[in-house]
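Architecture and fold: a report
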Amino acid sequence: MRTQRQVVDYALQRRALLADVYAGRVGVMEVCDASPYLLRAAKFHGEPSAVTCPVCRKEPLTLVSWVYGDELKHASGSARGSEELAKMATLFQEFSVYVVEVCRTCSWNHLVQSYVLGKRGARGGRSTRRTAAE
């Protein structure tokens, strides 16, 4: 999306956790603990990924995007698809998106990325900062 900003990638954290799992320092049951709510969101709002599950290696992971923000009111804390995110980015000033990868077979889940969307950052390169006089 063109208005993504403040992007944080959690790939290093994911890699370290998987190294601990493969080395036996962390149990599989500790990392394959997706809640039923997350699994349901993956089924209905998730988008398939090209990455195979790193734990069970049985199926591709599903990416679920969760939205949070004061302006979203009751929609805050819900899962949304990419089309809904694009529409929300034109309607709201600013909200956070957290992308979680989920394996619907073994329940592996991990935060992949977070970023901010909304109209506030949509102005082509112009700063939204105001001076004290404004």
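Here, the structure is the one placed above.
Now for a quick tour of the structure. From a predicted model like this one, the values you see are computed outputs, not experimental measurements. (Residues numbered from 1 in each chain as written. Predicted model: local features only at pLDDT ≥ 70, side-chain atom pairs only at ≥ 80, totals over all residues. Heavy atoms only, no water.)

Structural notes on the overall build of the protein chain
Stated precisely, the cut-off is as follows: Each helix is a run of DSSP H or I of at least 4 residues and each strand a run of E of at least 2, with the numbering of both proceeding from the N terminus. We call a residue buried when its accessible area falls under 20% of the maximum for its residue type, exposed when it is over 50%, and partly exposed in between, using a 1.4 Å probe and counting protein chains only. The criterion used for residue contact is that any of the two residues' heavy atoms lie within 4.5 Å. Each accessible area value is a Shrake-Rupley result obtained with a 1.4 Å probe; residue values ignore everything except the protein chains displayed when judging cover.
Within the protein chain one finds 4 helices and 6 strands. For the protein chain, buried positions account for 35% of its 134 residues. A fraction of 61% describes how many contacts in the protein chain between residues 6 or more apart in sequence connect residues 24 or more apart. When the accessible surface of the protein chain is summed, it comes to about 8,500 Å², and 51% of that surface belongs to carbon and sulfur atoms.

Some points on the pairing of strand 3 (residues 60-68)
Quick reminder of the rule: Any two strands between which DSSP finds at least two bridges are classified as paired.
The pairing of strand 2 (residues 47-52) with strand 3 spans 3 bridges and is antiparallel. Each bridged residue has a counterpart across the sheet, and for E47 the counterpart in strand 3 is L63. Bridge count for strand 3 against strand 4 (residues 78-80) is 3 bridges, and the pairing is antiparallel. Bridging across to strand 4, V67 finds its partner in S78.

Notes on the packing of aromatic side chains
Here is the rule we go by: In summary, the pairing rule links any two rings of Phe, Tyr or Trp, Trp by its six-membered ring, whose centres are within 6.5 Å, and it sorts them by plane angle into stacked for under 30 degrees, edge-to-face for over 60 and tilted for everything else.
Overall, the coordinates contain 3 aromatic pairs when judged by the stated rule. Considering the side-chain rings of Y68 and Y98, the 5.7 Å spacing of their centres and the 75 degrees angle between planes classify their relative orientation as edge-to-face. Placement of Y68 in strand 3 and of Y98 in strand 5 (residues 95-102) is noted, with a sequence separation of 30 residues between them. With centroids separated by 6.3 Å and ring planes inclined at 85 degrees, the aromatic side chains of F92 and F95 adopt a geometry described as edge-to-face.

Things to note about the state of the cysteines
Which entries qualify depends on this criterion: Whenever a pair of cysteine sulfur atoms sits within 2.5 Å, that pair is classed as a disulfide.
Overall, the coordinates contain 0 disulfides when judged by the stated rule. With no disulfide of its own, C53 has C106 as its nearest cysteine by sulfur position, at a separation of 3.6 Å. Of the residues examined, C53 reaches a relative accessible area of 1% and is grouped as buried.

A few points about helix 3 (residues 36-45)
To keep it simple, the criterion reads: This arc corresponds to the set of directions leading from the helix axis out to the C-beta atoms.
All of the buried residues in helix 3 are L38, A41 and A42. Looking straight down helix 3, one finds that the buried residues subtend no more than 105 degrees of arc, so they occupy a single side. Helix 3 presents P36, K43 and F44 as exposed residues on the side facing more than 90 degrees away from its buried surface. Packed against the buried residues of helix 3 are strand 3, strand 4, strand 5 and strand 6 (109-117).

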